[in-house]
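What the coordinates show
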Amino acid sequence: MRIDENEGVSASSKHLVFAYYVTGHGFGHATRVVEVVRHLIAAGHDVHVVTGAPDFVFTSEIQSPRLKIRKVLLDCGAVQADALTVDRLASLEKYVETAVVPRAAILETEVEWLHSIKADFVVSDVVPVACRAAADAGIRSVCVTNFSWDFIYAEYVMAAGYHHRSIVWQIAEDYSHCEFLIRLPGYCPMPAFRDVIDVPLVVRRLHKSRKEVRKELGIAEDVNVVILNFGGQPSGWNLKEESLPTGWLCLVCGASETQELPPNFVKLAKDAYTPDIIAASDCMLGKIGYGTVSEALSYKVPFVFVRRDYFNEEPFLRNMLEFYQCGVEMIRRDLLMGQWKPYLERAVSLKPCYEGGINGGEIAAHILQEAAIGRHCASDKLSGARRLRDAIILGYQLQRVPGRDIAIPEWYSRAEDELGQSAGSSPTVQANESNSLVESCTDDFDILQGDVQGLSDTWTFLKSLAKLDVIHDSEKSMEKKTMRERKAAGGLFNWEEEIFVARAPGRLDVMGGIADYSGSLVLQMPIREACHVAVQRNHPGKQRLWKHAQARQQAKGQVPTPVLQIVSYGSEISNRAPTFDMDLSDFMDGDEPISYEKARKFFAQDPAQKWAAYVAGTILVLMTELGVRFEDSISLLVSSAVPEGKGVSSSAAVEVASMSAIAAAHGLSIKPRDLAILCQKVENHIVGAPCGVMDQMTSSCGEANKLLAMICQPAEVVGLVEIPNHVRFWGIDSGIRHSVGGADYRSVRVGAYMGRKMIKSMASSILSQSMSSAIGGNPEELEDEGIELLETEASLDYLCNLSPHRYEARYADKLPDFMLGQTFIEEYSDHDDPVTVIDQKRSYSVRAPARHPIYENFRVKTFKALLTSATSDEQLTALGGLLYQCHYSYSACGLGSDGTNRLVQLVQGMQHNKSKTDDGTLYGAKITGGGSGGTVCVIGRNSLRSSQQILEIQQRYKAATGYLPLIFEGSSPGAGKFGYLRIRRRTSL
């Protein structure tokens, strides 16, 4: 369609030349660029579009000689493994190939090209290098987007390894050359941009009315129509006639010419104008992207969506959909199995309520024109270094920072409040509030067995349970996202039956950390924050099933069989699905449980529901290890106040609480130590995270205000260490997401096991040589060689059984700093670690990861002895010094992070700047757990002044990074000490 030269943006007296760069990620960016470009050309300007998208995307809407298309791909976006899943490592590798390796040549070419077309202004959506090229050419630039690649890729670095961090830094710095950001609705945090102008939705205009489209397609007005819109990628799917409700019709975008469709499915023509089709439909089924979301909102068409995994733009778009009552989430398994009916029927009952503007293309074009002629000047611009520093912190996870007005949408800024509401995030309440809770809960439930032990977070959880059966009365006062979780939970339990409740805390790693898998002594403190799990078992015929679970069983044509249904609160905080369900028969292969490997693949097939492996995996472990068989259905509610990604063992808390509650509901008596080891199997073999056992042991066996002392060979509890009254520990969260499943933790573990294998090999070689040289010689010479020591070291089970002095004397200078995986395998065959695999193409650090646990074990023993010694300032100084040593040893292994280093430096500054009259001070700090972000452990004197200093550090960190860290203080009992509650809802008289 030829554009009308008189519409849209008013013509400028000055003819301008715009260079408009479009990212290579999907058509959505190109289609929204069309709207902006259309208005710029209508105002009389020339626009050179730099894109990898097909020409027709632009020329079908704009037929003007002022449009110039240059086919160049300068970034790759996110590489998709399939229609719904991003391959994070492949995305980073492709970006390196596309934009990093040829960077110098790209910049030289682009600068020359910009000069050749006499560009007045550069616009980017949202190609990083375009901003730098514009700066090098002396041309101002602006970005138009709802997300930036530094934010998207930062999360991929957690999975692919920190050696990719330079990609994120470079992208953020490129964006920092941008004049300002024109920000679209549904935006992510974009800290690299410090000047922002918000515009309405940029949406493609409609060409035809709903009535006209339906008439052309031969569809009556009274027929319900769903458009299947997966970006042209559903050709390999098996579409089924029975997937649709009776009388419905499905219009399929992107179907191949050879694909045969059921009679109630209709192929759309390749050149069909999708916006018109969407507006003529009753609902849309597809994957979330800016284009689909903006069009669903604009045309008020309910959107049944399936999560697109590992693309971090999605949660913000999803929240916007749900905020305006326009979205229904479908489980991937139900999409692929054709169980669509309950979702489609739910969708057409929605009443979308978006009333915002849809002329963002026109407004953005006007802003660009004004900026290009100098009428808009960015004010208070901060330096690129400052922008980059902010990006370092905020770019690592979906930060919820209230009040950060240039980065956080309305629904986004309330997420912290939701977490507190949904999980009961602070177990400490005022005495009168606690008493009120107790009275209220005892009115709601009979506690048939167990003791709440005065824990206010448990009372809060019980109170939240009591409200579930009256959920519909309070829907109007609830947030949309919270309401979805609570409605699902409200249909979970039969209130006439008993419910079992378990509680398990997170943990603060005081000493030991990653040395646990090398057999070290560790000292761990259970924290105040905990996970609660409520479990109910029911006869399959009596279980309250969700509609899609009912549809699945009906489709199988079977009598009711045991089903597992799980609701997990706080799903929006961590970007995951709030519910999970499965037939328990899926855990069986004939008469035997399925293998752990098969289970891992089962949960991994839908990453949005991978979290369920931590919960449902406990059932499979009980079946496999203890021979338990589950004949009844299981309904399970998870409510955790242990924040994820902070390095305080949120996963262990969920595993331990889940297994404890399931065991209690089924009459299983499992000792706390044994339960912890079983939970470790869940994480190692079903989740696939190579953690040691200390997290589960602390959550299960810990006691309040005591350090659990444990030798991890594999899990020998040697006692509980009282924390002296004058000593206190805190945890301070860095805001950088930690993951034991991340590549760096995994590679350090591989390096440590490589080092152990090399030491064993060297000891065997020395022993063999010594034995050979001693034949016929002096027996005393044989003794001098330390034959017994060499024999022990040749069969070394754990690195921590090697003393530091022996390591230095025999092996330290013989271990390589790094070794290629292939070289190691060729020489040593295997590293003998059952939970990690060597990547032959990767170079592993060996010396530092092997050295760390040997010295850490010595530091932990020293710390434990000092903790019980005479009280003195020297004692605290020595304890703090051991924490500092541990911290720097982590960094030597490559497990440090900018945020945790900053926190440790703040503690050091506070310690060394103390006044002589100040009796409250801090003495040391260290990164904790698996490292690479997460939480820092701080030791100090137990005084008011120390607490004030912790708060001061919190504020200084916020001032430097924009992130207000969480503070962990206080302790609570482990799951074994808590036991379980058996409760029944009181009936009304």
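Everything below is about the structure shown above.
Residues numbered from 1 in each chain as written. Predicted model: local features only at pLDDT ≥ 70, side-chain atom pairs only at ≥ 80, totals over all residues. Heavy atoms only, no water.

1. Structural notes on the overall build of the chain
A count of helical and extended segments in the chain gives 36 helices and 30 strands. Burial analysis of the chain (989 residues in total) assigns 61% to the buried set. In the chain, the proportion of contacts linking residues at least 24 apart, taken out of those at least 6 apart, comes to 73%. Of the roughly 37,200 Å² that the chain leaves accessible, carbon and sulfur atoms contribute 49%. (Helix = DSSP H or I, 4+ residues; strand = E, 2+ residues; numbered from the N terminus. Buried < 20%, exposed > 50% of the residue type's maximum accessible area, 1.4 Å probe, protein only. Contact = heavy atoms within 4.5 Å. Areas by Shrake-Rupley, 256 points an atom, 1.4 Å probe, with all protein chains shown as cover.)

2. Brief notes about the sheet that holds strand S24 (residues 727-733)
With antiparallel pairing, the four strands of this open sheet are ordered in space as S27-S28-S24-S29. Each having just a single partner strand, strand S27 (922-927) and strand S29 (967-968) make up the two edges of the open sheet. Inspection of the sheet shows S24 paired to strand S28 (residues 935-941) by seven bridges, in the antiparallel sense. Paired with Gly-731 across the two strands is Cys-937, which belongs to S28. (Pairing = 2+ DSSP bridges.)

3. Topic: the pairing of S28
In terms of burial, S28 is largely enclosed, as six of its seven residues are buried. One ladder, built from five bridges, connects S27 with S28; its direction is antiparallel. Along S28, the bridge assignment pairs Lys-926 with Cys-937.

4. Overview of the packing of aromatic side chains
How two aromatic rings sit relative to each other is given by the distance of their centres and the angle of their planes. Evaluated as defined, the whole model comprises 22 aromatic pairs. Relative to Tyr-745, the ring of Tyr-517 has its centre 6.0 Å away and its plane inclined at 90°; by these criteria the two rings are edge-to-face. Placement of the pair is Tyr-517 in the loop between strand S15 (499-511) and strand S16 (521-538) and Tyr-745 in helix H27 (residues 743-774), with a sequence separation of 228 residues. Neither residue differs from the other here; Tyr-517 and Tyr-745 are each classed as buried. Geometrically, the ring pair formed by Phe-602 and Phe-603 is edge-to-face, given 5.2 Å between the ring centres and 80° between the ring planes. The pair formed by Phe-602 and Phe-603 is uniform in burial state, with each residue classed as buried. Taken together, the ring pairs connect Tyr-95, Phe-147, Trp-149, Tyr-153 and Tyr-156 into an aromatic cluster. Note that Arg-70 overlies the ring of Trp-113, its terminal NZ or CZ placed 4.3 Å from the centroid. (Phe/Tyr/Trp six-rings, centres within 6.5 Å; stacked < 30°, edge-to-face > 60°. Lys NZ or Arg CZ within 6 Å of the ring centre and 35° of its normal.)

5. What to know about unusual backbone geometry
In terms of backbone geometry, most residues other than glycine have negative phi values and most peptide bonds are trans. For the peptide bond that leads from Asp-125 to Val-126, omega is -20°, which places it in the cis range. With respect to the element layout, Val-126 can be found in the loop between strand S4 (121-125) and helix H5 (128-136). With an omega of -5°, the peptide bond between Gln-713 and Pro-714 qualifies as cis. Structurally, the position occupied by Pro-714 is in the loop between strand S22 (706-711) and strand S23 (716-722). The phi torsion at Ser-649 lies on the positive side, around 65°, for a residue other than glycine. With respect to the helices and strands, Ser-649 occurs in the loop between strand S21 (633-640) and helix H24 (650-665). The backbone of Asn-705 shows a phi angle near 60°, a positive value even though the residue is not glycine. Relative to the elements of secondary structure, Asn-705 occurs in the loop between helix H26 (694-701) and S22. Of the residues examined, Asn-705 reaches a relative accessible area of 48% and is grouped as partly exposed.

6. Considering the nonpolar core
Core analysis: the largest hydrophobic core is formed by 78 residues, its most contacted members being Phe-587, Phe-603, Phe-729 and Phe-863. Here the element with the most residues in this core is H24; it accounts for ten residues. Inspection of this core shows a minimum of three residues originating in each of domain 3 (445-466 + 485-723) and domain 4 (743-770 + 790-969). Among residues more than four places away in sequence, those in contact with Phe-729 are Leu-508, Val-510, Met-525, Leu-707, Ile-723, Phe-863, Cys-937, Val-938, Ile-939 and Phe-968. Counting residues in hydrophobic clusters, the runner-up holds 63 residues, among them Val-123, Val-203, Val-213 and Ala-372. (Core = buried A, V, L, I, M, F, W, Y, C linked by side-chain atoms within 4.5 Å. Domains from an automatic or database assignment.)

7. Some details on the sheet that holds strand S12 (residues 303-306)
The strand order across the open sheet built from six strands is S10-S9-S8-S11-S12-S13, with neighbouring strands paired in parallel fashion. Since the sheet does not close on itself, it has two edges, and those belong to strand S10 (265-267) and strand S13 (327-329), each with one partner. Across the sheet, the mean angle separating the axes of adjacent strands is 25° when strand polarity is ignored. In the sheet, strand S9 (residues 249-252) pairs with S10 via three bridges, with the strands oriented parallel. The partner of Leu-251 across the bridge, within S10, is Val-266. (Axes fitted to C-alpha atoms, helices over the stretch in contact; angles between N-to-C directions.)

8. Description of the pattern of salt bridges
Counted by the stated rule, this structure contains 45 salt bridges. As a salt-bridge pair, Arg-32 and Asp-125 come within 2.8 Å of each other at their nearest N and O atoms. Here Arg-32 is found in helix H1 (residues 28-42), whereas its partner Asp-125 is found in strand S4, with 93 residues between them in sequence. Asp-125 shares its class with Arg-32; the two are buried. Salt bridges here are not isolated pairs; linked through shared partners, they connect Arg-210, Arg-214, Glu-221 and Asp-282. (Salt bridge = Lys/Arg side-chain N within 4 Å of Asp/Glu carboxyl O.)

9. Points about the environment of Thr-561
Considering the arrangement of structural elements, one finds Thr-561 in the loop between helix H21 (547-556) and strand S17 (563-568). Distance from Thr-561 to Asp-632, taken between C-alpha atoms, is 8.1 Å for residues 71 residues apart in sequence. Setting aside residues up to four positions removed in sequence, Thr-561 forms contacts with Pro-540, Gln-553 and Ser-633.

10. Topic: the side chain of Glu-703
Within the fold, Glu-703 resides in the loop between H26 and S22. At 3.2 Å, the side chain of Glu-703 forms a polar contact with the side chain of Lys-706. The contact partners of Glu-703, leaving out residues within four places of it in the chain, are Pro-526, Leu-720, Ser-971, Ser-972, Pro-973, Gly-974 and Lys-977. (Polar contact = N/O pair within 3.5 Å; in protein donor to acceptor, adjacent residues only side chain to side chain.)

11. Side note on the packing of helix H23 (residues 612-626) against helix H25 (residues 672-687)
At their nearest, the axes of H23 and H25 sit 9 Å apart, and the two run at 110° to each other. Put simply, H23 runs roughly perpendicular to H25. Handedness of the H23/H25 crossing: right-handed. Residue-level contacts link Ala-613, Tyr-614, Gly-617, Thr-618, Leu-620, Val-621, Leu-622, Glu-625 and Leu-626 of H23 to Leu-678, Lys-681, Val-682, Glu-683, Ile-686 and Val-687 of H25. Tallied by class, the residues present in the contact of H23 with H25 amount to ten nonpolar, two polar and three charged. (Parallel < 35°, antiparallel > 145°, perpendicular 65-115°, else oblique. Left-handed = near helix turned anticlockwise from the far one by under 90°. Nonpolar A, V, L, I, M, F, W, Y, C, P; charged D, E, K, R; others polar.)

12. Quick word on the pairing of strand S5 (residues 141-145)
Strand residues, when the strand is regular, have side chains that alternate between the two faces of the sheet. Within S5, five of the five residues are buried, which leaves the element mostly enclosed by the surrounding structure. Burial of S5 is two-sided: the residues Ser-141, Cys-143 and Thr-145 facing one way and the residues Val-142 and Val-144 facing the other way are all buried. Assessed by its sense of winding, the connection that carries the chain from S4 through H5 to S5 is right-handed. The sheet contact formed by S5 and strand S6 (residues 180-183) spans four bridges and is parallel. Paired with Val-142 across the two strands is Phe-180, which belongs to S6. (Right-handed = clockwise from strand over helix to strand, strands pointing away.)

13. Let's talk about the packing of H1 against helix H14 (residues 360-372)
Where H1 meets H14, the closest approach of the two axes is 8 Å, and the angle between their N-to-C directions is 55°. Relative to H14, H1 is oriented oblique. As for the relative orientation of H1 and H14, their crossing is right-handed in sense. Touching Glu-35, Val-36, His-39 and Leu-40 of H1 are Gly-361, Glu-362, Ala-364, Ala-365 and Leu-368, all from H14. Considered class by class, the residues forming the contact of H1 with H14 number five nonpolar, two polar and two charged.

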